[in-house]
Amino acid sequence: MASQSGGLTNTTSGPQLPIFVQLNARHLEEGDQWREISRWVKFQEDVEDGGKRWSKPHVPSCSLAVMSKVRDLLSNNCSLLDLDALNIHDIIENILSQEGNDDLDPEQKNKVQQLFTQGVKQRMKMSFVTQLSRTSVVTFSTQSSRQESLLEEPLPDTPGSRRSDPEAHSKREGTEDGGKEEEDSSNLKRRHYSVTSSTPSSRKMSRKMSYKDETMKYRDYNQFSKKVPKDAEAANIQVATCDFLDRNIFAFVRLKTPVLLEDLSEISKPTRFFVLLLGPSSEHQNFTEIGRAIGTLFSDQIFCGQTAYGAKSENELLKGLDIYLQELTVLPPSAWNPDIRLEPPKTTTTLQSRMEARAQIKSNLDKDLEDEEATDLENNNDFFITEPDSTHGEDDSLQFTGKLFGGLIQDVKRKIPWFVSDFTDALHIQTLASIIYIYLATVTKAITFGGFLGDITDGLQGVLESFLGHALAGGIFCLLGGQPLTVLGCTGPVLIFEKILVGFCHDNGIEYLTMRLWIGLWSALFCIIIVAFDVSAIVRYFTRFTEEAFAALVGIIFIVEALKKIFKVGKKFKVHRGLDLDTLTEDYCTCLSPNTSQVVLEDTRNKVSHFLEEHEITFSTVEGNVTVQTSDVDWNHLSVKECQMLTGVLSGHSCDYVPDIFFFSVLLFAGTFIMCNTLKKFKLTPFFPMKFRKLISDYAVILTIVIFVLIDQYYDLQTQKLLVPTVFKPTRSDLRGWTIPFTDDNSPWYIYLLASIPALLLTILLFMDQQITSVIVNRKEHKLKKGCGYHLDMLIVGVMMGVCSVLGLPWCVAATVLCLGHVDSLKMDTESSAPGEAPQFLGVREQRVTGVMVFILTGLSVKLAPILKFIPMPVLYGVLMYMGVNTLNGMQFVDRLFLILMPSKHQPDYMYLRHVPLKKVHLFTAIQAGALAALWLIKSTQASLIFPLMVLALVGFRKLMDFFPSVFSQRDLYWLDNLMPQSNKKAKKKDKRKRKHGVLENGTEEEMKGLQENGDTK
């Protein structure tokens, strides 16, 4: 299970991985001072540039010879597993008391102990404020004065020395908070002095804080702590060259209880593992390489979690190392320069895949090992084995229950335990960005579709009705629905249905709103019947083939509509093509008098009469019409609008062209799209701290809109703005109210019964729109944890269909692009990642607040009109373009389309290319592209009413592929799509055939089992 910091957590009682590993070295040739030289979380970092900076994180590497030396050291020296020690003194004491170290004399052992009285020079990164505080510290007492020095003479064996006072030392180190207990000042002073030739007077005069005091005071403020999993432990590797040793001393120690060892670590993490390597000065370079090789071992999550933590004996430790060595990949020196640091990869081999490969290695080793303890290490496999991913076809919520409303009851039981958390989980700054982003997208779409409805229905439904329909249906759905991440809205197929219905009612003299009311009520009844008999369970037959074809279609529609709208701006604000700058003096636009002596004007809302009175122009009024003598008007000083109002004639080359508006709109449109994409990916750049990058990424769309609104205001050009209704009343209040009558005097009663026929077609349309979008939202790639609710969703949609029909509001259903935009805006990454590691996707912030707030704001848009009027429409078109393109990102179908244009040697290493012949990949892509083209053609013609039936036909077409194994085997379809669920009868027959022959239809039993177990590698 992934933690917030990117670590792997055992769900039972295992350790938090990865652990923090630090390598400290003390070499005679390099100042004889303990220094931190390397550290690992997942990747390796080295101190460079004279100890002033950390290197860029890189993949750890070492030679095979060094790994062999590590194995020799482990096999020929002591390994203390589950050692009970409270401090560094106890650890060193136990190491020196081992049988292999009997040849050391007391003076040598004393000097080994004294090595660890010297502080470690750490390289810590702190905040600016802490750094200022750190540089201002001046210590005046000798209690904290310890200088770095050479190991030339030992400390005198006094009662206050570390050697003779282990109890006082254990008081300091044995506490888990890093020794915050107070001690005798004289003991503390003597124990922390370096083993040097510096005189007491020089120590007394010192005003510099020692390395040990500095580390223990400031490591709690070390910002690197955020890069390490919260409950992770540490491994300390200490290597040193000494002039008093003539052989190597090596020990591998695993503590029974982790202990915070004074200043051995730069962060406050208790030490579980301690590795010691001491030797003569001639081993300087070898020791550093060996230390880094051991650090590399600890940074491997499988070796650390299974071997280092799980080994019960030295033999198990060596066996784990042997398995690790057999996993190594050797790079030939002629093809790779070891001095070049490897960049951390974007993806690594999954733990599941590695465990499967290790299983074979272990089985081979077990053949050579007869003792029982050699196989005890296998017991830790459960820590790394994850459950195989299942498709939505295997989802329990999509199984036929055989009971009336059985699926609905299960959905309600599944969602009730999460209801409170659906509100508490929204307490995060990310939700605010999501609300604003989806609100603006929803309002833009509501205005667009409201305008279309107004044109189609002659104002019986308009922008205000569109706002209220979205607010009512969407708000109730997000509050009570099974999947609150779903965003409802008007969709293209529903709009087409409305257009056909208006034409039918007009041709047959039927009242449109009343007929629409009965169609909506019948459709609501059919939706309830669908829920009652678990018809939504057929969603499990929607595979990637159908999902991606439908999602790609909707994404392309958004892209095309955005481009059409920006192109339409060019028709309204025309560009003066072929303009010669030398002829600018000839360009003009003036208002001329019409060729009549007087003009008769319709005085709508007294606008004309008010204008004439203000300009003191004589006029007469007859039956609401205004008559003006043309000779009384100064035509040359009228504005364009005033000239048009008085029916004047605009004359001149410049009257038809407004070049600035169109080109500026294009800049706003393209700039919005590009900046949205750039800022959304900003979290993957190396600039600024991770929290700042993530904040910018979360608010990418909001920041982009604000920036381009300011740019538009600066140039103050008359670009098209977002205009919303300012009065709360029906668009055609003269023809309708807020409730629709159930009967029409001009229509016979049986018309209302016959309305069930188009209602059935509408229900199929709504079902396909709703459920395919739900399947896309509930994809396993989104890592949703609270479960889905297909039956509950369909019930809410059906009920709101009836309510909106009674109120004469647009019908709303799941809007694919808005839903994917909503999910994308709520994606969660690890709050902190190991250095060099890209943020890991954790899942989606599942809650109801964003959806509810979006639709509340949509309903209140009438009151927000004074603010919304500053947003240019080209900016919102750019947002719609971004949402459409973002829908296509990451689709396997889109990736396969690009493969057609790539030579084989330049194709990415997609997993399905390893298992499926390239010709079959291209054939499958061509079939899916043909299906998409067919959907597009049907949508664009008069046959668009059968669009939902064609989407349903894709499911049958995909099922048809299963009957032609010579074209696509089940193995091919597994990698390119999903395996379709089988009926219980077929499954039983297949089991009988399998038991009889031991072979599946398109692969061996082992192969198909392997496919199911490795679904996460797709």
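Values in this document were obtained by computation on a predicted structure and should not be read as measured data. (Residues numbered from 1 in each chain as written. Predicted model: local features only at pLDDT ≥ 70, side-chain atom pairs only at ≥ 80, totals over all residues. Heavy atoms only, no water.)

Let us now look at the overall build of the protein. Per the secondary structure count, the protein includes 38 helices and 21 strands. Taken over 1018 residues, the protein has a buried fraction of 51%. Approximately 48000 Å² of the protein is accessible, and the part contributed by carbon and sulfur atoms is 57%. (Helix = DSSP H or I, 4+ residues; strand = E, 2+ residues; numbered from the N terminus. Buried < 20%, exposed > 50% of the residue type's maximum accessible area, 1.4 Å probe, protein only. Areas by Shrake-Rupley, 256 points an atom, 1.4 Å probe, with all protein chains shown as cover.)

Ranked by internal contacts, the top residues of the largest apolar core, which has 148 residues, are Tyr 437, Met 515, Ile 519, Leu 722, Trp 811 and Met 883. When near neighbours in sequence (up to four residues on either side) are disregarded, Tyr 437 contacts Val 701, Ile 702, Gly 821, Ser 825, Val 879, Tyr 882 and Met 883. Membership of the second largest hydrophobic core comes to 35 residues, among which are Ile 37, Trp 40, Phe 273 and Ile 294. (Core = buried A, V, L, I, M, F, W, Y, C linked by side-chain atoms within 4.5 Å. Contact = heavy atoms within 4.5 Å.)

Here the focus is the pattern of salt bridges. Across all of its chains, the model carries 30 salt bridges by this definition. Because the salt bridges share partners, they merge into one network encompassing Asp 46, Glu 48, Arg 53, Arg 292 and Arg 341. (Salt bridge = Lys/Arg side-chain N within 4 Å of Asp/Glu carboxyl O.)

Let us now look at the side chain of Asp 769. By the secondary structure assignment, Asp 769 is in helix H26 (residues 756–777). Within the buried set, Asp 769 has no salt-bridge partner at all; the shortest N-O distance to an opposite charge, 8.1 Å, is to Lys 445. For Asp 769, the residues in contact, after removing those within four places along its chain, are Thr 491, Pro 493, Phe 550, Val 813 and Ala 814. (Lys, Arg positive; Asp, Glu negative; His and termini not counted.)

Counting across every chain of the model gives 1 disulfide. A sulfur-sulfur separation of 2.0 Å characterises the disulfide bridge that pairs Cys 591 with Cys 643. Where Cys 591 bonds to Cys 643 through sulfur, the torsion about that S-S bond is close to 80 degrees, and the disulfide is right-handed. Pair noted here: Cys 591 is in strand S12 (residues 590–592) and Cys 643 is in helix H21 (residues 640–645), with a separation of 52 residues, a long-range link. A residue is classified by how much of its surface remains accessible, and Cys 643, at 0% relative accessible area, is buried. A disulfide-free cysteine, Cys 804 has its sulfur positioned 5.8 Å from the sulfur of Cys 812, the nearest such atom. (Disulfide = S-S within 2.5 Å.)

Across its 21 residues, helix H18 (residues 512–532) extends 30 Å between first and last C-alpha, which sits within 8% of the 30 Å expected from 1.5 Å per residue. For H18, a buried count of 15 out of 21 residues is recorded, marking the element as mostly surrounded by other parts of the structure. At the C-terminal side of H18, Asp 534 shows a positive phi close to 55 degrees. (Expected span 1.5 Å × (residues − 1).)

For the structure on display, the rule yields 25 aromatic pairs. Consider the rings of Phe 252 and Phe 273, whose centres lie 6.2 Å apart with planes at 45 degrees: the pair is tilted. Note that Phe 252 is positioned in strand S9 (residues 249–259) and Phe 273 in strand S10 (residues 271–279), a separation of 21 residues in sequence. Measuring from ring centre to ring centre gives 6.0 Å for Trp 749 and Tyr 750, while their planes differ by 85 degrees; the resulting arrangement is edge-to-face. What makes Trp 749 exposed here is its relative accessible area of 62%. With relative accessibility at 41%, the residue Tyr 750 sits in the partly exposed group. What links up through ring pairs into an aromatic cluster is the set Phe 252, Phe 273, Phe 298 and Tyr 309. For Arg 39, the ring lying beneath its charged end belongs to Trp 54, and the centroid distance is 3.9 Å. When the ring centre of Trp 811 is taken as reference, the NZ or CZ atom of Arg 516 above it lies at 4.1 Å. (Phe/Tyr/Trp six-rings, centres within 6.5 Å; stacked < 30°, edge-to-face > 60°. Lys NZ or Arg CZ within 6 Å of the ring centre and 35° of its normal.)

Here the focus is helix H34 (residues 918–939). Residue pairs spaced three or four apart in an α-helix point in one direction, given the helix's 3.6 residues per turn. Under the 1.5 Å per step criterion, the end-to-end length of H34 is 32 Å for 22 residues, consistent within 8% with the ideal 32 Å. Here H34 has its buried residues at Val 921, Phe 924, Thr 925, Gln 928, Ala 931, Leu 932, Leu 935 and Ile 938. In an axial view of H34, the angular spread of the buried residues amounts to 150 degrees, which keeps them on one side of the axis. Opposite its buried face, H34 presents the exposed residues Lys 919 and Leu 937, each directed more than 90 degrees away. (Arc of directions from axis to C-beta.)

Before going further, it helps to examine the side chain of Thr 925. Mapped onto the elements of the fold, Thr 925 is located in helix H34. Looking at Thr 925, the relative accessible area reads 1%, which means it is buried. Within the structure, the side chain of Thr 925 is placed 2.8 Å from the backbone oxygen of Val 921, a separation counted as a polar contact. In contact with Thr 925, not counting residues within four places along its chain, are Phe 893, Arg 896, Leu 897 and Ile 900. (Polar contact = N/O pair within 3.5 Å; in protein donor to acceptor, adjacent residues only side chain to side chain.)

Strand order in this open sheet of 3 strands is S13-S15-S14, and the pairing throughout is antiparallel. A strand with exactly one partner marks an edge of an open sheet, and here the two such strands are strand S13 (598–602) and strand S14 (619–622). Across the sheet, the axes of successive neighbouring strands diverge by a mean angle of 25 degrees, strand direction being ignored. Note that S14 and strand S15 (residues 625–629) share 4 bridges and pair antiparallel. Paired with Thr 621 across the strands is Val 626, a residue of S15. (Pairing = 2+ DSSP bridges. Axes fitted to C-alpha atoms, helices over the stretch in contact; angles between N-to-C directions.)

Let us now look at the pairing of strand S4 (residues 35–40). For S4, the tally of buried residues reaches 5 of 6 residues, placing the bulk of the element in the interior. Where S4 and strand S5 (residues 44–48) come together, 3 bridges link them in antiparallel fashion. In the strand pairing of S5, Arg 39 is matched with Glu 45. Count of turn residues in the S4/S5 antiparallel hairpin: 3 residues.

Quick look at the sheet that holds S10 now. Judged by pairing direction, the sheet is mixed, and its 8 strands sit side by side in the order S6-S5-S4-S3-S8-S10-S9-S7 without closing on themselves. Two strands bound the open sheet, and with one partner strand each, they are strand S6 (53–54) and strand S7 (78–83). In terms of strand pairing, S7 meets S9 through 5 bridges, oriented parallel. By the bridge assignment, Leu 83 is partnered in S9 with Leu 255. Seen against the sheet, helix H9 (residues 284–299) touches strand S3 (20–26), S4, S5, strand S8 (234–241), S9 and S10 and runs at an angle of roughly 170 degrees to S8.

Before going further, it helps to examine the environment of Phe 449. In this fold, Phe 449 is placed in helix H15 (residues 429–457). Spatially, the C-alpha atoms of Phe 449 and Gly 492 are 8.5 Å apart, while their sequence positions differ by 43 residues. In this view, Phe 449 contacts Cys 490, Thr 491, Gly 492 and Leu 495; residues no more than four positions away in its chain are not counted.

Note on backbone geometry: most residues besides glycine have negative phi, and most peptide bonds are trans. The peptide bond linking Leu 17 to Pro 18 adopts the cis configuration, its omega dihedral lying at 0 degrees. Among the secondary structure elements, Pro 18 is positioned in the loop between strand S2 (16–17) and S3. Residues other than glycine seldom take positive phi values, yet Asp 716 does so here, at roughly 55 degrees. Looking at the secondary structure, you find Asp 716 in the loop between helix H24 (700–715) and helix H25 (750–754).

The geometry of a pair of packed helices is captured by two quantities: the angle between their axes and the separation between those axes. It is at 5 Å that the axes of H9 and helix H10 (residues 301–308) come closest, and there the two elements cross at 85 degrees. If you check the angle between H9 and H10, you find them roughly perpendicular. Taking contact as the criterion, the partners of Leu 297, Phe 298 and Ser 299 in H9 are, on H10, Gln 301, Phe 303, Cys 304 and Ala 308. A breakdown of the residues in the contact of H9 with H10 according to their chemical character gives 5 nonpolar, 2 polar and no charged. (Parallel < 35°, antiparallel > 145°, perpendicular 65-115°, else oblique. Nonpolar A, V, L, I, M, F, W, Y, C, P; charged D, E, K, R; others polar.)

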